[in-house]
Amino acid sequence: MKQTNFLENAVNHKNKPLAVRMSPRNFKEFAGQESILGDGKLLRRLIESDNLSSVIFFGPPGTGKSALARIIASKTKAYFEEANAVTIGIADIRKIIEAAKARTEVFGKKTILMLDEIHHFNRLQQDALLPDVESGIITLIGITTENPFFYINAAIISRSTVFEFQPLSKEALLHIMESALKDRENGLGSYKVKMSKEAKEHLLANAAGDARRLLNALGVGVLSAETNAEGVRVFDISVAQESIQKRAFLYDSSGDAHYDHISAFIKSMRGTDPDAAIYWMAKMLAAGEDPRFIARRIIICASEDVGMADPGALTLAVSALNAVEFVGMPEARIILAQAAIYVACAPKSNASYMAVERALSEVKNGKVRGVPNHLKDANLDGGKLGHGQGYKYPHDFEGHYVQQEYWTDPVEFYTPTKESYEGKVRERLLGIRKKKSKI
């Protein structure tokens with residue numbers, strides 16, 4: 001009977017996807033995340049000493065979060081319980097907690113609960129865990145692809161250590177790929193594979209830092225590749241392209257990636273890098289982002305970062321939004337590209353942005369000023385209060401300018417740069433301010 005079970009388990013293991021079979025069993029096999037798992041790092045020390053307290057692992061798919069939890073399971077003396085937040089409810093949580101309490105009272109053994117996709121738990125479900133996490137009955141390993149500070153109860157966060165997993169580097173992915181090709185027991189080592197450099201580079205580049213995606217593509221490619229006369233499976237660039245299909249975008253319109261990508265887009269335009277700006281824009285569009293959202297951000301950048309250095313940038317950006325709404329996708333991508341490139345290449349000045357920030361600060365924290373009498377509206381007082389009296393109409397004077405007070409205790413908020421058109425504005429304004437200072 002034992003032999004049958006062993007054979008069944010062996011067959012089942014071989015039928016599992018390559019990514020599951022190659023899941024690391026120890027730190028030696030674990031690739032990547034050196035910043036949190038390197039020798040001497042806090043998380044590594046806690047695991048190796050079996051003193052792990054509640055933790056939250058968050059980061060993109062395929063970066064080793066669940067794999068690390070299972071390494072912890074193999075090392076700890078605690079009872080290890082594994083569950084998925086999508087499939088369990090309050091009743092299941094209570095059963096797990098009751099069993100953990102009994103284990104502690106009878107055997108003095110603690111329980112580690114690995115809860116995958118914890119962001120799917122609602123507040124009530126999370127609250128059900130809280131007392132026993134706090135008391136130590138349950139040591140929680142929460143796993144999520146979403147930012148825990150947005151999706152997980154603040155009380156649980158405060159009782160846990162949060163570790164962020166990064167997309168795997170090319171070097172880490174290469175190590176995983178080579179291990180899978182060599183491993184005869186769990187990987188593809190029993191096959192003779194000739195993999196071209198181009199095919200390897202294509203898989204690494206399009207895995208997007210995701211080991212699961214890489215291994216799934218590698219497994220499909222090797223098994224589907226044609227065998228030559230020598231019995232070697234030829235894994236060339238065409239096989240690689242078919243295996244990995246379209247690049248998977250880490251992009252969620254309501255998640256971190258959404259804000260990270262638009263931030264990169266704006267900063268690229270601000271930094272006068274049109275190529276980077278177009279790349280981030282193209283990635284957002286390919287992932288299904290609303291083109292109007294992108295157009296609105298171009299408008300903001302045109303005013304905040306280009307400003308008076310090229311006032312035409314704002315006009316073009318607003319026109320682009322109107323055109324995008326009128327034309328729609330896919331042609332709207334061309335309009336967005338023109339606007340983004342124009343703003344990225346335009347001379348830059350944030351003087352207008354800084355001016356309004358300084359003015360708002362003065363309004364909130366500075367001296368309170370009333371409107372001078374000669375600037376008040378004269379239409380409402382019927383001439384009885386003297387509103388508007390003494391006002392000098394600038395167009396009646398040479399150069400359409402006349403010296404007069406527009407507010408008390410003036411402060412300079414706007415400091416024009418020498419950039420392009422704003423340089424001309426600067427020269428004129430400095431002349432005017434010089435005249436004022438002589439009064």
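The notes below deal with the structure included here. (Residues numbered from 1 in each chain as written. Predicted model: local features only at pLDDT ≥ 70, side-chain atom pairs only at ≥ 80, totals over all residues. Heavy atoms only, no water.)

## Some points on the pairing of strand E2 (residues 79-84)
Two elements, E2 and strand E3 (residues 111-116), share six bridges in a ladder whose sense is parallel. Its bridge partner lying in E3, Asn84 is registered against Asp116. In terms of handedness, the path from E2 via helix H6 (residues 90-107) over to E3 forms a crossover that is right-handed. (Pairing = 2+ DSSP bridges. Helix = DSSP H or I, 4+ residues; strand = E, 2+ residues; numbered from the N terminus. Right-handed = clockwise from strand over helix to strand, strands pointing away.)

## Regarding the sheet that holds strand E1 (residues 55-58)
One open sheet holds the five strands; their spatial order is E2-E3-E4-E1-E5, and the pairing between them is parallel. Unpaired on one side and paired on the other, E2 and strand E5 (161-164) mark the two borders of the sheet. Neighbouring strand axes in the sheet, compared pairwise and without regard to direction, differ in orientation by 15 degrees on average. Where E1 meets E5, four bridges bridge the pair, whose relative direction is parallel. Bridged to Ile56 within E5 is Val162. Against the sheet, helix H5 (residues 65-75) contacts E1, E2, E3 and strand E4 (138-144), and its axis sits at roughly 160 degrees relative to E4. (Axes fitted to C-alpha atoms, helices over the stretch in contact; angles between N-to-C directions. Contact = heavy atoms within 4.5 Å.)

## Notes on the packing of helix H16 (residues 291-306) against helix H17 (residues 312-327)
Where H16 meets H17, the axes come as close as 8 Å, and the angle between the chain directions of the two elements is 175 degrees. Relative to H17, the element H16 is oriented roughly antiparallel. Between H16 and H17, the contacting residues are Pro291, Arg292, Ala295, Arg296, Ile298, Ile299, Ala302, Ser303 and Val306 on the first element and Ala313, Leu314, Ala317, Val318, Leu321, Val324 and Glu325 on the second. In terms of residue class, the contact of H16 with H17 is built from 12 nonpolar, one polar and three charged. (Parallel < 35°, antiparallel > 145°, perpendicular 65-115°, else oblique. Nonpolar A, V, L, I, M, F, W, Y, C, P; charged D, E, K, R; others polar.)

## Here's the deal with the nonpolar core
In terms of nonpolar packing, the biggest core is built from 30 residues, with Phe265, Met269, Met281, Ile294, Ile298, Leu336 and Val343 touching the most fellow members. Of all elements in the fold, only helix H14 (256-270), helix H15 (274-286), H16, H17 and helix H18 (332-345) reach the threshold of two or more residues within this core. In contact with Val343, not counting residues within four places along its chain, are Met269, Ile298, Cys301, Ala302, Val306 and Lys348. Formed by 26 residues, the second largest nonpolar core is a distinct cluster that contains Met22, Leu173, Met177 and Val239. (Core = buried A, V, L, I, M, F, W, Y, C linked by side-chain atoms within 4.5 Å. Buried < 20%, exposed > 50% of the residue type's maximum accessible area, 1.4 Å probe, protein only.)

## Points about H5
Among the residues making up H5, those that are buried are Lys65, Ser66, Ala67, Leu68, Ala69, Ile71 and Ile72. For H5, the secondary structure elements touched by its buried residues are helix H3 (34-37), helix H4 (42-48), E1, E2, E3 and E4.

## Re the packing of H15 against H18
Between H15 and H18, whose axes approach to 9 Å, the crossing angle comes to 150 degrees. As far as their axial angle goes, H18 and H15 are roughly antiparallel. Between H15 and H18 the crossing geometry is right-handed. Across the interface between the two elements, Pro274, Ile278, Met281 and Leu285 of H15 pack against Arg333, Leu336, Ala337, Ala340, Ile341, Ala344 and Cys345 of H18. Here the residues of the contact of H15 with H18 are counted per class, giving 10 nonpolar, no polar and one charged. (Left-handed = near helix turned anticlockwise from the far one by under 90°.)

## Considering the environment of Arg21
Within the secondary structure, Arg21 is located in helix H2 (residues 18-21). The exposure class assigned to Arg21 is buried, which follows from its relative accessible area of 12%. A polar contact is formed between the side chain of Arg21 and the backbone oxygen of Asn186, at a distance of 2.7 Å. (Polar contact = N/O pair within 3.5 Å; in protein donor to acceptor, adjacent residues only side chain to side chain.)

## Describing unusual backbone geometry
Following Met329, the chain continues to Pro330 via a peptide bond in cis, the omega torsion being 10 degrees. The residue Pro330 is located in the loop between H17 and H18 in this model. Located in the positive-phi region is Asp50, a residue other than glycine, with phi close to 55 degrees. On the secondary structure map, Asp50 appears in the loop between H4 and E1. The backbone of Thr272 sits at a positive phi, close to 55 degrees, despite the residue not being glycine. With respect to the helices and strands, the residue Thr272 is situated in the loop between H14 and H15.

## Things to note about helix H10 (residues 170-182)
Under the 1.5 Å per step criterion, the end-to-end length of H10 is 18 Å for 13 residues, consistent within 8% with the ideal 18 Å. Within H10, the full set of buried residues consists of Ala172, Leu173, Ile176, Met177 and Ala180. Within H10, the buried residues cover an arc of 135 degrees as seen down the axis, which keeps them to one side. When the buried face of H10 is taken as reference, the exposed residues oriented beyond 90 degrees from it are Glu171 and Lys182. (Expected span 1.5 Å × (residues − 1). Arc of directions from axis to C-beta.)

## Things to note about the pattern of salt bridges
Pairing is possible between side chains that carry opposite charge, provided their charged atoms lie close to one another. A full pass over the atoms with the stated rule returns 14 salt bridges. The partner of Glu98 in a salt bridge is Lys101, and the shortest N-O contact between them spans 4.0 Å. Taken together, the residues span about one helical turn, with Glu98 and Lys101 both in helix H6 at a distance of three residues. Classification of Lys101 as partly exposed rests on a relative accessible area of 28%. (Salt bridge = Lys/Arg side-chain N within 4 Å of Asp/Glu carboxyl O.)

## Section: the side chain of Arg233
Looking at the secondary structure, you find Arg233 in strand E7 (residues 233-235). Buried charged residue Arg233 carries no salt bridge. Nearest counter-charge: Glu226, at 11 Å. Separated by 3.3 Å, the side chain of Arg233 and the backbone oxygen of Leu223 make a polar contact. (Lys, Arg positive; Asp, Glu negative; His and termini not counted.)

## Here's the deal with the packing of aromatic side chains
Applying the stated criterion to the full structure yields four aromatic pairs. Here the aromatic rings of Phe57 and Phe163 are separated by 6.3 Å at their centres, their planes lie at 65 degrees, and the arrangement is edge-to-face. Highlighted residues: Phe57 in strand E1 and Phe163 in strand E5, separated in sequence by 106 residues. In terms of burial, Phe57 and Phe163 fall into one category: buried. One aromatic cluster is present, built from ring pairs that chain together Phe57, Phe163 and Phe165. (Phe/Tyr/Trp six-rings, centres within 6.5 Å; stacked < 30°, edge-to-face > 60°.)

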